[in-house]
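The chain contents come next:
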Amino acid sequence: MKKKIAIKCLKAAFIGLVLLLLYAPILLLAVYSFSSTNTIGTSGSFSFAHYKKLFGDPVILTMIGNTLLLALLAAILSTILGTTGALGMYYLKRRQKAFLNGVSQIPVVNAEIVTALALAIAFVSVGISKSYFTLLIGHMVICTPFVVLSVLPKLKQMDNSLYEAALDLGANPAKALFRVVLPQIIPGVVSGFMLAVTLSLDDYIVTSYTKPAGFDTISTYVFNATMKGNAHTAETLASFWALTTLIFVIILAVVLVANFSGRRKKEAKK
Amino acid sequence: MKKKLSILLSLLFLLPVVSSLGGCSAKTQVLRVYNWEEYIDEGGKGSYGDDYLGLGKNAPSMIDDFEIWYEETYGERIRVEYSTFGTNEDLYNQLKLGDKYDLVCPSEYMIMKLAAEGMLEPLDKDFFDETNENNFYVNNVSPFIRNVFKNGEMNVPEEKEVDGKKVTEQKTVLWEDYAAGYMWGTTGLVYNPEGVSEEDLSQGWKIMLDSNFRKKVTTKDNVRDSYFVGLGIVYRDELLSLDKNADDYNANVTDIFNRTDTETVKKVQDTLLAMKNNIFGFETDTGKSDMVKGTILLNFAWSGDAVYAMDEAENQDVYLNFHIPEEGANLFFDGWVMPKGASKKEAQAFINFMSRPDNAVRNSYYIGYTSVIAGKEMFEYACDVYSAENEEQSIPYDVSYFFGEEAIIYADEEQLSRQLFAQYPPEDTMKRCAVMSYYGTQEERINELWTQVKGEKLDGWAIAVITVAIVVIALAILYWKLGRKIEFRLKPRKGYRLTDQKEIR
């Protein structure tokens, strides 16, 4: 009995340590987001200055808007591309499948800087000047393989006889795809989409090589601002502490709500 | 369904084409400017227009004002496409990859590199015509900076025809032929006078090796600044033995700080490796806050950053000073140059507008660096910032080498080693500040040095921690395996699938 309690304590302590290490930096930002100082580690009074700056500065708002819109667009497009790609690959013959599987994962294995440079050189050699379009292509290149990667296993788990049964019962292939196949792989599609959003959100390297002039996302701004800072970059960077805090709180809320409602459903079933 | 989808898709691919057409149809000139982040008055809260003119958050940005001024002066509409970079190397890569810009603002060594690779357009003769009142640059640039740009030499490739064959030769030109200054500064040490004495400072750059300041000093995480510090330490005795009153003192200092021969590189590498064990670390951005917190006592800094650090520390009731070592320091500048194929007229108009003294004041107020411009408004601004409140206790601070004509600021005595000193070091201090050129053919060797210096060798304790961690994990796994019976998940036979066990129940 004592041993059990000891083990339980040990487990809790270990998980606590892991969580602390994971979240300490974010918590630090959260604490400092409510202070008036622009330098972490210095004392400041309690204030909402960073939140005011975050919501009051049109430049920052555009940057956030740019980042979110790009992430959503890139994620939607690469989810469509990745899902159809995975479907096609799944029904290919074995050799072609293995080949395509390998090729499609190159951007995953490749160092991102190589992908970025390759894209930039490809655009230059074809004569396409940088625009929102090239940026979107760049982001799709890094996102799509991850969608494929999360959809393929779901396809493998899928019961193929269901699809065949649908065809036997008179559904045309398209209908069978949307009514029978898609519902079975939708968890993979959704997680692929989520992965794509996160990948696109925090991408710096590919963005910096494919973005049009005058276009800034949060990551490109942060990189540039830390390289040669002054009072204004410090203030803007500090307002991102507030952004981090907000994102953290929102995600925490979503996770809690999801868990809570999930538990309720289970209880209701019982 | 199919039709709709295909229409949608084709629309999507047309989108960029349409948007680019939209840009062309309006007949305004476009000026593409590529600059550092927040390196121009962007208006709004905290800009000069807000703090001095009371325009609040509607204070206009310099770019808006330029567009208006250009139309008023030249009768043509212009639109500035302004974008930003983080490092000189980023700028270089983007230019190499074929990005088109009309005006870019790299640091001095990158200007030399771009010039040497034939990537720059020279400035027009008209740009230096002092009778044109719109030539604000030539009429207002500080005589000191003008002199530096007139004496600085760099190479550009030139195509010549020798015996009917085209041959590319390197031609020596002046910096002034290609570049106009924007912001400048020196390197030095920000220090906390409560922990660092005059005597400590007299060691110069060597303080980075002083065991009394072990883990109490940081330097910049980039090859050029570190190499410079290394040179300062290696050639300290030679630098100090130079005759300071000689006419060629600055030339001699510059000579030493531009040594890149193999023996020097080796010596600097050894010095930097020794330094690495003594310093707190190489930093890009954390030095200022570490100074304020008191984690470190000394920090290698660019003068503009130093001013910001001192201001910021003052808010926390910490008083920091700035010191330029006796051996010498690096004089650096960021300057405007035009890449090949730029729209020269518009680009030079932009430089001139930035150089109008009132605009230079706005920019330097926003950025915190020192402008190369020395006009009347600029001097008044400097007086406004640094004049002592109590005139009787003030000391005369001579900045006539920069502003010309007996320009003297009556400042508090503490300014001799604080912000004013950092922004406008006195003339005799400037004599030991040298520009460090682009490394040229030795660039590769010096980059290799940097890799060697930055390469992580694991410390004894790091190895110990990792070993302990591995042992602990191994023990945990063993305990796990022996402590209870493990249920291996059975692999299903061919043709069978595993079902969720809960479902069976």
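All chains use their own residue numbering, which begins from 1 and follows the written sequence. Each chain takes a letter, starting from A, and each ligand takes a number, starting from 1, following the order in which they are written. Totals for whole chains, interfaces and linings use all residues, but because this is a predicted model, local features are given only for residues with pLDDT of at least 70 and pairs of side-chain atoms are given and counted only at 80 or more.

Caption draft 1: Structural detail: the overall build of chain B. Counting its regular elements, chain B contains 24 helices and 17 strands. Within chain B, residue pairs in contact and separated by at least 24 positions form 72% of the contacts whose partners lie at least 6 positions apart. For the purposes of this entry, the term helix denotes a DSSP run of H or I that reaches at least four residues, the term strand denotes a run of E that reaches at least two, and both are numbered from the N terminus. Once C-beta atoms have been placed from the backbone, residue pairs whose C-beta atoms lie within 7 Å are recorded as contacts.

Caption draft 2: Main features of the overall build of chain A. Scanning chain A from N- to C-terminus turns up 12 helices and 0 strands. Counting from the amino terminus, chain A carries its helices and strands in the arrangement α-α-α-α-α-α-α-α-α-α-α-α. Two things to know: the radius of gyration comes from C-alpha atoms, and the globule rule equals 2.2 Å times the number of residues to the power 0.38. Over its C-alpha trace chain A gives a radius of gyration of 23 Å, far above what one expects of a compact globule, namely 18 Å for 270 residues. Put plainly, a residue is buried at 20 or more neighbouring C-beta atoms within 10 Å of its own, exposed at 12 or fewer, and partly exposed in between, counting only other residues' C-beta atoms, which are placed from the backbone. Across the 270 residues that make up chain A, the buried fraction comes to 31%.

Caption draft 3: Molecular detail of the sheet that holds strand β3 (residues 103-104) of chain B. Residues and elements named next belong to chain B. On the basis of which strands lie adjacent, the open sheet formed by 3 strands has the order β2-β1-β3 and parallel pairing. Edge positions in the open sheet fall to β2 (78-85) and β3, since each of these has one partner strand only. When strand β1 (residues 29-36) meets β3, the two strands line up parallel, connected through 2 bridges. Paired with V33 across the strands is L103, a residue of β3. The axes are straight lines fitted to the C-alpha atoms, using for helices just the contacting stretch, and the angles between their N-to-C directions are given from 0 to 180°. Across the sheet, helix α16 (residues 344-355) touches β1, β2 and β3, and the angle it forms with β1 is around 50°. Whether two strands pair comes down to DSSP finding at least two bridges between them.

Caption draft 4: Geometry of the interface of chain A and chain B. Taken together, the contact between chain A and chain B spans 25 residues of the former and 29 residues of the latter. Here the element with the most residues in the side of chain A that touches chain B is helix α11 (residues 218-227) of chain A; it accounts for 6 residues. When residue character is reported, Ala, Val, Leu, Ile, Met, Phe, Trp, Tyr, Cys and Pro are called nonpolar, Asp, Glu, Lys and Arg charged, and the others, Gly included, polar. Looking at side-chain class alone, the side of chain A that touches chain B contains 11 nonpolar, 12 polar and 2 charged residues.

Caption draft 5: The pairing of strand β6 (residues 165-174) of chain B, seen in detail. All names here are of chain B. Among the 10 residues in β6, 0 count as buried, and that is only a small part of the element. For strand β5 (residues 153-162) and β6, the ladder comprises 10 bridges, and the chain directions are antiparallel. Considered in β6, the bridge of P157 is made with Q170. Hairpin connection between β5 and β6: a loop of 2 residues separates the two successive antiparallel strands, and D163 in this loop has a positive phi of roughly 55°.

Caption draft 6: A look at the packing of helix α8 (residues 160-168) of chain A against helix α9 (residues 173-201) of chain A. Residue and element names in this part refer to chain A. It is at 10 Å that the axes of α8 and α9 come closest, and there the two elements cross at 145°. Here the hand of the crossing between α8 and α9 comes out right-handed. Two secondary-structure elements touch here, α8 through L162, Y163, A166 and L167 and α9 through A176, R179, V180 and V181. Crossing handedness follows the turn of the near helix against the far one: under a right angle anticlockwise gives a left-handed crossing, and clockwise gives a right-handed one.

Caption draft 7: Local environment of the nonpolar core. Under the definition applied here, buried Ala, Val, Leu, Ile, Met, Phe, Trp, Tyr and Cys residues are grouped into a nonpolar core through C-beta atoms within 7 Å. Counting residues in hydrophobic clusters, the biggest one holds 128 residues, and the most contacted among them are L103 and F350 of chain B. With 7 residues, the single largest contributor to this core is strand β7 (residues 180-191) of chain B. In this structure, this core is formed jointly by two domains, domain 1 (27-122 + 124-178 + 338-345) and domain 2 (185-333 + 381-454) of chain B, each of which donates at least three residues. One finds F123, F146, A176 and Y209 of chain A within the second-largest nonpolar core, a separate group that totals 30 residues. Boundaries between domains were set according to an automatic or database domain assignment.

Caption draft 8: Broad picture of the confidence of the model for chain B. All names here are of chain B. For chain B, the mean per-residue pLDDT works out to 87, and 89% of the residues sit at or above 70. Counting contacts from residues 16-26, a segment whose pLDDT is below 50, to residues more than four positions away or on other chains yields 4 contacts. The ipTM for the predicted assembly is 0.84, set against a pTM of 0.84. One number per residue, pLDDT, summarises how confident the predictor is, and it ranges from 0 to 100.

Caption draft 9: Region of interest: the domain arrangement of chain B. All names here are of chain B. According to the domain assignment, chain B consists of domain 1 (27-122 + 124-178 + 338-345) and domain 2 (185-333 + 381-454). The straight-line distance from the C-alpha centre of domain 1 to that of domain 2 is 27 Å. On the domain 2 side, the residues contacting the 10 residues of domain 1 number 11 residues. At the level of elements, α5 (108-116) and α7 (143-151) are the ones that each hand at least two residues to the side of domain 1 that touches domain 2. No other element matches α5, which puts 5 residues into the side of domain 1 that touches domain 2. Within the side of domain 1 that touches domain 2, the residues separate by chemical class into 5 nonpolar, 3 polar and 2 charged.

Caption draft 10: Looking closely at the pairing of strand β16 (residues 408-411) of chain B. All names here are of chain B. Side-chain alternation along β16 places I409 and A411 on a buried face and I408 and Y410 on a face that remains uncovered. Direction of pairing for strand β15 (residues 395-398) relative to β16: antiparallel, over a ladder of 4 bridges. Across the sheet, I395 pairs through a bridge with A411, a residue of β16.

Caption draft 11: Up close: the packing of helix α17 (residues 357-367) of chain B against helix α18 (residues 376-386) of chain B. Residue and element names in this part refer to chain B. Two elements in contact, α17 and α18, have axes separated by 7 Å at closest approach and are oriented at 40°. On the basis of the axis angle, α17 is oblique to α18. Contacts between α17 and α18 involve P357, D358, A360 and V361 from the former and K376, E377, M378 and Y381 from the latter. The residue makeup of the contact of α17 with α18, split by class, is 5 nonpolar, no polar and 3 charged. Any angle from 65 to 115 degrees is called roughly perpendicular, while one under 35 is roughly parallel, one over 145 is roughly antiparallel, and all others are oblique.

Caption draft 12: Focus on the environment of D305 of chain B. In this structure, D305 of chain B sits in helix α15 (residues 303-315). In this structure, the C-alpha to C-alpha distance between D305 of chain B and A59 of chain B, residues 246 residues apart in sequence, is 25 Å.

Caption draft 13: View of helix α12 (residues 249-256) of chain B. All names here are of chain B. Regarding α12, the residues found buried are N250, V253 and T254. All buried residues of α12 fall inside an arc of 100° around its axis, so they share one side. Those residues of α12 that are exposed and aimed more than 90 degrees away from the buried face are A251 and D255. On the buried face of α12, the contacting elements are α11 (236-241) and β17 (433-434). As used here, the arc is the angular range of directions from the helix axis to the C-beta atoms.

Caption draft 14: Quick peek at the environment of G195 of chain B. Looking at the secondary structure, you find G195 of chain B in the loop between β7 and α9 (198-201). With 243 residues separating them along the chain, G195 of chain B and Y438 of chain B place their C-alpha atoms 36 Å apart.

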